[in-house]
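So the chains spell out like this:
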Amino acid sequence: MIKAIIIGVVSSSLVTVLPNAYGAKTSFSGEQLFAAQSSGSHSAKQPMIIASPNDEREYRAIKLENQIEIILVSDPSVDKSAASLSVGVGLLHDPMSQQGMAHYLEHMLFLGTERFPEANGYSEFMAKNGGNSNAYTWLEITNYMFEIKNDAYAEALDRFADFFKSPKLYKEYSEKEKSAVNAEWSMRRELDFFGQFKLNRSMMGSHPANRFLIGNLETLGDKKESELHATMVDFYNRYYSANIMKVALVSNQPLATMEKMAKQYFSDIKNKNIDKPSVEHQLNFKKLGKKRIHYVPNEDVKQMIIDFTIENNQQKYRQKPNRFLSYLMSSEMPGTPASVLKKAGLISQLNVSITPDMYGNYGQFSIDVDLTSDGMQQREKIIQVIMNYIDKIKHEGVDKKYFKEIKVSLANQFQFLEKGSAFDYVSQLSAQMQQYPIHEVISAPYTFESFNASSIQSVLEQLTPERLRIWYISQQEPHDQSMHFYNGKYKIVDIPDSEIQSWRKPSSFALNLPKVNSLLPEGFEIKTSGKSASKPELVHDEKGIKVWHLASPNFHHQPKGNLRIYINNPERLNNIEGQILLALWADLLQLELSTLTTEASIAGMNLNISVRNGMELVVSGFTDKQLVLIEKVLKKLRIKVDDKAFVQAVDRFVREIQNQEKQFPISQLFQYVRKIVTSSGYSNAQLIAAAKSIKPQVLEAFIETVLINNQIRTFAFGNYNQKDLSALVAAIQQTLPEKRKVTDYAITKIIKPETGKTLSFKKDLFVADVAVADLSIHPDPSVRQEARAEVLQNHFGTVTYDKLRTEEQLAYAVSGIATKIRQYSALGVVIQTPVKDAEAMQQRIDAFKNEYAAKLAKMTDAEFAEIKNSTLVELKEKPKNLNEEQSLFLNDWYYEEWSFDSRQKLIAEVEKVTLADIKQFYAETLGSDNAFRINIQLRGAKFKDKPFATIKDEKVIDDLVNFHESAQYQ
C-alpha cells in the first residue's frame, strides 16, 4: 500500500454553520461546558465537544501533561479502530537548503523506531492485522494515520506513538527514501496543477510559500552547508514537539479505557515547549498584482483563472464571509455569471474556491472558468462580466436573506451528519484540531453564528486589481520562459490600466443576484417506519419500468435516500458512435442541468449523470424535495442540440480523450485494461476520428432512439414510501414516448480467459515514466477462487510494496493487486517507474514472482490465520452511511444477481480458505506459465530508445477493434 499520500491540496472547508440546537455526545453531564481536572489525574478535561444530533458516538477531549490535545471517540459499532496524529509544521517551514524536508521526514518516520527497529515492521504488522496506514504533508501540517482491527489496536498505538518518541531515521535509508520522494515528484512533474501552483508561489518573492514543496534528488541532495541526514534529524528534533501535536482516536472501547490508552502511549512524547511555527512575511502586492500569466499546459485545456490573494481570515469561521461569497459567486441561477456566460456559449463551467490559509498568512480567492472556443476569443469580456458581478455583490449582495439560506442549509447538514470511515474521520479531526478550538472541531465547518456584513465587505474590499493575477491557460498561449522542475511554459505580463478601467463599464449582459432556493427541504418525515426487508424488493414491473426498493436496514432514522434511474439501452454496445453519442448527450445534459444541480446541492441533494449502457440519473440526499427535482430533470432529457453547442461538446470530448494520454502512466494502465477486457473498448485515435465525423442531427435522432427503445430500471434505497414510488413511475411515464419498445437488458460483454494465452499491449507515452501491468487470471470462475484471492491480496500487496518500493526504490506507485474480470479472479503487479525501462521492469517483475512464491511457501499457519482473520474483519465491516450500505447491493443489481447475497457467499467461502488454498491459487495464477495473462507496457518518453519486453507466445494487440471482433466473451 502507498504510505505517503500525494502532496495534494488539503484545503480548509468552505462550508460552516452552527444550527439552532446542538446534540452533544460526551462523557460530561448536565450543562457543564468545562470539567475540572480531577485530583491526581495526568490529563486535563477539555470543553464539551459539539457533535451532530445524529451522532450516537461518545466523545471526550483531554489534554495530557505534555500538552498534547486528544479527542477520544468511542463507537461500539466499529470493526476497526483508528488513530491520527498531526504535527503543526509543514512545507512552509522547510529549510531553504533542503526544500522538501517536511515531506521527506514524513517518509523516513515510518522506517523503524528504537523499540521496533525493523524498517518494514510497521507495514507487516498492519498487513497481518487488516490494517491501513498513510500520511500526508501540506503547507503547515504533517498528518499521520492508521486503522486496524480492534483487537490489535493497543499494539498498533504503541508502535505508532513510538514514531514520535524515538524514530530510527536510519542514515542507510536516506538515499532510498530520497529516491522515493524523487519518484513521487517524477509522477507529478507533468501535472499542470503542480506546475501552476509552483509558478503562482514563485511570484511571491521571499515569502516562505516560494519553495519547491515535494522535494527531489536535487533539492534534497547534500550541500556544503547542509548534509541531508543531519538536517533531517535537526528538523525532527526542532519541530516534533508534543505541544504542537493533535491526536484523534476512534475505537470500540469505552471512553475510560481509551483515555488510559491515550495516557499510556502518548504521555511520554517529549514536549519541547516550542511556539507553533507560523508565517508572518508580508507580500509586496506592487510586484505581485495586476499580472496576467499566459501558461502553456501539458494537457489541452481552455481555462481562465481569476486569482485574488486575500488575508488569512480563518479565525472568522463563525461568520463565514468566504462561504457567503462563494455561494453568491458560484451560483448558476438566472442572471449570475455562470448562467449568462453558459447561455452565451462562452464557458462550460465556473467554479469558485476560497482557501483562507493557502499560503499560510494569506489565502486564495479563485474563480476558475472552463472556456469554449468562442470564449477563448472573448476572455476580456468574460472578465468584465465577473468583475461587474463582484461590484454588484458589493453594492447589493451583502443581504441577510442569503445568510439565512446558507445557515439553514448547513444546519440541515449538521443535524443529519453521516459517519464515514474511522480512518478518514481521525485524519479529518486531527487536522481540524490544528485550526479550530477543540470543542468546535466537529461543528466548526457548519457554524454560521451570525450575519456580519463588515466581515463580508472586508473580503470584497480585497478583490482589487492590486491583489489580482489572471491566468490564461491553453496550448496557444505565448511564452518566453520554462518552469524549473515542471514541464509548463509561461509568460508574465502587466495588465494594462486601460483594461482594468474597462471592467468598471457595464457589460452587455443583464446580471442578477441569486433568487431564493426552491429545493430546500421543508420537512424530515421518516417514511419507512415498520419496514424490515433485508434485501431490495421488486415493487413495480410494468411496461418496461422496473422499480426496486429497500428501506435502509441500518440508517432508517435518516430522512435521506439514494435514487437511481437507469435508462438501459444497447446502442453503446452496438458501435463506436453509440459510445460517443451517449457521452455527448451526457455532456450537454449536464450543462442544461447546471442550475438545478447547484440549487440542489445547497438544498442537501446531489444530482449526478453517468454513462453506462444508456444513461443513469442518480439523486441522493434529503428526500423531501427529491421528486420535485427528478420531475424537472426528466423534462430536460430531450435537449435541443444547436450547432454551436454540439461543436463545443465534440471539442470537449476530443480534448478529454487526448488528455487521458497525459495522465499518470499508472492511471493509463487501468484505462487500457478496461479497453482490452470489455467488448466496447476502442483506441483513443478511433474515438477521436469517429467523434469528429458525427453531425448534430445524428445526436438528436440518437436521443430519441434511446428514449423510444429502452428498459427503465430504478433502485430506490432509503427513505421512500409507496406514494413516492408511484409518483416516480408516473413522472418517468410522462417523459417517455407513447410508442416505446422495451428492449432486452444490455450488459457489457467481458472477454473470456483462455488457458495458455497471453495478451499484450504496448504503447509509447507523452509523459516520462514507464508503467507496467502484469495480470494472471485463474481459470476457474468461482466464488471459491475469489475468496482465495481476497485472502492473499493483503500479504501479496505488502510484500510487493516493501520489496519493490521500500527496499529497491524502483517506484513511488507500485502495488500487488487482486481484482476480478467479471466472474474470474486475477492477481498481478502494477508499477510506474522513473528508473527502469519497460524491458528491465518486466524482467524484475518476473523475478519477483518467483521470490514471492518462495516467501509464500514459508508462511506459517499462525501467520495465515492472522491474514485470514483480518480479511474476514474487512468483509464483515458494517456500513457507516447510506452510500456504503447501498453499495453492498449495487453490483448484484447491475448484473442481475437477484438473490443479492454475493457478499455473504464470498464471506462463507473465505471462512473455508486454507493456507494450502492460497498457495495453490498463487501457483495457478502468477506462478503458472499456463495461466491466461494480460500484460500492458507503457513506455515513457524518457525511455523511448529502450525496447519493450517480449513475452513468450504473446498475442500483441495492435488494433482494439480487430481484437474484439475475434475475441471470446463470458
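Residues numbered from 1 in each chain as written. Predicted model: local features only at pLDDT ≥ 70, side-chain atom pairs only at ≥ 80, totals over all residues. Heavy atoms only, no water.

Looking at an unreviewed UniProt entry, one finds the protein named Protease 3, with Aliikangiella maris as its source organism. Its UniProt record gives the protein a comment under Function (unreviewed entry), which states: "Endopeptidase that degrades small peptides of less than 7 kDa, such as glucagon and insulin." Looking at the protein in UniProt, the text filed under Cofactor (unreviewed entry) is "Zn(2+)". (UniProt positions renumbered as here; feature names shortened; annotations may be inferred.)

## Quick look at the UniProt feature "domain: Coenzyme PQQ synthesis protein F-like C-terminal lobe" (unreviewed entry) in the protein
Per the UniProt record, "domain: Coenzyme PQQ synthesis protein F-like C-terminal lobe" (unreviewed entry) is found at residues 793-887. Between the end C-alpha atoms of residues 793-887 the distance is 21 Å, and the span holds 59% helix and 20% strand. (Helix = DSSP H or I, 4+ residues; strand = E, 2+ residues; numbered from the N terminus.)

## Thoughts on the packing of helix H2 (residues 121-128) against helix H26 (residues 783-807)
It is the contact of H2 with H26, at a shortest axis distance of 9 Å, that shows an interaxial angle of 170 degrees. Relative to H26, H2 is oriented roughly antiparallel. Contact residues: H2 offers Ser123, Glu124 and Ala127, while H26 offers Asn794, Thr798 and Asp802. A breakdown of the residues in the contact of H2 with H26 according to their chemical character gives 1 nonpolar, 3 polar and 2 charged. (Axes fitted to C-alpha atoms, helices over the stretch in contact; angles between N-to-C directions. Parallel < 35°, antiparallel > 145°, perpendicular 65-115°, else oblique. Contact = heavy atoms within 4.5 Å. Nonpolar A, V, L, I, M, F, W, Y, C, P; charged D, E, K, R; others polar.)

## Quick word on the UniProt feature "domain: Peptidase M16 middle/third" (unreviewed entry) in the protein
The sites that UniProt annotates as "domain: Peptidase M16 middle/third" (unreviewed entry) are residues 414-690. Each end of residues 414-690 is marked by a C-alpha atom, and these two atoms are 48 Å apart; helix forms 38% of the span and strand 19%.

## Thoughts on the sheet that holds strand S8 (residues 291-296)
Whenever strands of a sheet pair, they do so through backbone hydrogen bonds, lying parallel or antiparallel. Taken together, the 7 strands give an open sheet; going across it, the order is S10-S11-S9-S12-S8-S14-S13, and neighbouring strands pair in mixed fashion. If you trace the sheet from one side to the other, it starts and ends with strand S10 (347-355) and strand S13 (481-482), each paired once. Sheet topology note: the S10/strand S11 (residues 362-371) ladder contains 8 bridges and is antiparallel. When the sheet's bridge partners are listed, threonine 355 is paired in S11 with glutamine 364. Contacting strand S9 (303-311), S10 and S11, helix H9 (residues 321-330) crosses the sheet at an angle of about 175 degrees to S10. Running at roughly 35 degrees to S9, helix H12 (residues 379-397) makes contact with S8, S9, S10, S11 and strand S12 (468-473) of the sheet. (Pairing = 2+ DSSP bridges.)

## A few points about the pairing of S8
Successive residues of a regular strand alternate their side chains across the two faces of the sheet. Of all 6 residues in S8, 6 are buried; the element is thus mostly enclosed. Here S8 shows two buried faces, one formed by Lys291, Ile293 and Tyr295 and the other by Arg292, His294 and Val296. With 5 bridges connecting them, S8 and S12 associate as parallel partners. Bridging across to S12, isoleucine 293 finds its partner in tryptophan 471. Across 6 bridges, the pairing between S8 and strand S14 (residues 489-494) is antiparallel. Paired with arginine 292 across the two strands is valine 493, which belongs to S14. (Buried < 20%, exposed > 50% of the residue type's maximum accessible area, 1.4 Å probe, protein only.)

## A short note on unusual backbone geometry
Backbone geometry follows two general trends: most residues other than glycine have a negative phi, and most peptide bonds adopt the trans configuration. Non-glycine residue glutamine 67 carries a positive phi angle of around 80 degrees. Within the secondary structure, glutamine 67 is located in the loop between strand S2 (58-64) and strand S3 (69-74).

## Notes on the nonpolar core
A general trend in soluble globular proteins is that nonpolar side chains are found buried together. Ranked by internal contacts, the top residues of the largest apolar core, which has 93 residues, are Ile70, Phe146, Phe164, Tyr240, Leu249 and Phe266. The contact partners of leucine 249, leaving out residues within four places of it in the chain, are Ile70, Ile71, Leu72, Val73, Ala82, Ala83, Tyr153, Leu157, Met258, Ala262, Phe266 and Val426. Within the second largest apolar cluster, 59 residues are counted, among which are Val547, Phe646, Val650 and Ile732. (Core = buried A, V, L, I, M, F, W, Y, C linked by side-chain atoms within 4.5 Å.)

## Some words on the pairing of strand S6 (residues 141-149)
Counting buried positions along S6 gives 9 out of 9 residues, so the element sits mostly inside the fold. Across 7 bridges, strand S5 (residues 132-138) lies against S6 in antiparallel orientation. The residue bridging threonine 137 from the neighbouring strand is threonine 142, located in S6. The turn joining S5 and S6, which pair antiparallel and follow one another in sequence, is formed by 2 residues.

## Observations regarding the packing of aromatic side chains
Considering all chains together, one arrives at 49 aromatic pairs under this definition. Pairing tyrosine 170 with tyrosine 173 gives two aromatic rings, centres 5.9 Å apart and planes at 50 degrees, and the pair type is tilted. Where tyrosine 236 meets tyrosine 240, the ring centres are 5.1 Å apart and the plane angle is 35 degrees; that geometry is what we call tilted. The same class applies to tyrosine 236 and to tyrosine 240, which are both buried. Three or more aromatic residues link up through ring pairs in this structure, and these residues are Phe110, Tyr122, Tyr144, Phe146, Tyr153, Phe160, Phe163, Phe164, Tyr236 and Tyr240. Stacked on the ring of phenylalanine 125, the Lys or Arg arginine 159 has its end atom at 4.7 Å from the ring centre. (Phe/Tyr/Trp six-rings, centres within 6.5 Å; stacked < 30°, edge-to-face > 60°. Lys NZ or Arg CZ within 6 Å of the ring centre and 35° of its normal.)

## Some points on the sheet that holds strand S25 (residues 824-833)
Spatial ordering of the open sheet is given by S24-S25-S23-S26-S22-S27, a layout of 6 strands whose pairing is mixed. Each edge of the open sheet carries a strand with a single partner, namely strand S24 (813-821) and strand S27 (954-956). Across the sheet, the mean angle from the axis of one strand to that of its neighbour is 20 degrees, orientation sign disregarded. As paired strands, S24 and S25 are joined by 9 bridges and run antiparallel to one another. Paired with lysine 820 across the bridge in S25 is serine 825.

## Digging into the environment of glutamate 311
Within the fold, glutamate 311 resides in strand S9. A relative accessible area of 31% places glutamate 311 in the partly exposed class. For the pair glutamate 311 and isoleucine 386, spaced 75 residues apart in sequence, the C-alpha separation works out to 21 Å. Among the polar contacts listed, one links the side chain of glutamate 311 to the side chain of arginine 467, at a separation of 2.8 Å. (Polar contact = N/O pair within 3.5 Å; in protein donor to acceptor, adjacent residues only side chain to side chain.)

## Considerations on the side chain of asparagine 881
Inspection of the secondary structure puts asparagine 881 in the loop between helix H28 (861-875) and helix H29 (882-894). Of the polar contacts made by the side chain of asparagine 881, one reaches the backbone oxygen of lysine 419; its length is 2.8 Å. For asparagine 881, the contacting residues outside a window of four places in its chain are Glu418, Lys419, Gly420 and Phe555.

## So, the environment of arginine 652
On the secondary structure map, arginine 652 appears in helix H21 (residues 643-660). Once the C-alpha coordinates of arginine 652 and leucine 371 are considered, the two residues, 281 residues apart in sequence, prove to be 9.9 Å apart. Not counting chain neighbours up to four residues away, the residues in contact with arginine 652 comprise Ser348, Thr372, Asp587, Leu588 and Leu591. Separated by 2.7 Å, the side chains of arginine 652 and aspartate 587 make a polar contact.

## Focus on the pattern of salt bridges
Per the stated rule, a full pass over the model turns up 56 salt bridges. Residues aspartate 774 and lysine 849 are paired through a salt bridge, measuring 2.9 Å at the closest nitrogen-oxygen approach. Separated by 75 residues along the polypeptide, aspartate 774 in strand S23 (residues 770-777) and lysine 849 in helix H27 (residues 838-857) bring together distant segments of the chain. You'll find aspartate 774 and lysine 849 in the same group, each marked buried. A salt bridge links arginine 788 to aspartate 917; its shortest N-O distance comes to 3.0 Å. Of this pair, arginine 788 sits in helix H26 while aspartate 917 sits in helix H31 (residues 915-923), and the two are 129 residues apart along the sequence. By relative accessible area, arginine 788 is classed as buried at 8%. Owing to a relative accessible area of 14%, aspartate 917 belongs among the buried residues under this scheme. Through salt bridges that share partners, Lys803, Glu807, Glu808, Arg844 and Glu851 make up one connected network. (Salt bridge = Lys/Arg side-chain N within 4 Å of Asp/Glu carboxyl O.)

## What about the environment of glutamine 303?
Relative to the assigned elements, glutamine 303 resides in strand S9. For glutamine 303, a relative accessible area of 23% corresponds to the partly exposed category. Sequence spacing of glutamine 303 and leucine 588 is 285 residues, and the spatial spacing of their C-alpha atoms is 19 Å. Beyond its immediate chain neighbours, meaning those up to four positions away, glutamine 303 contacts Val369, Asp370, Leu371, Trp471, Tyr472 and Ile473.

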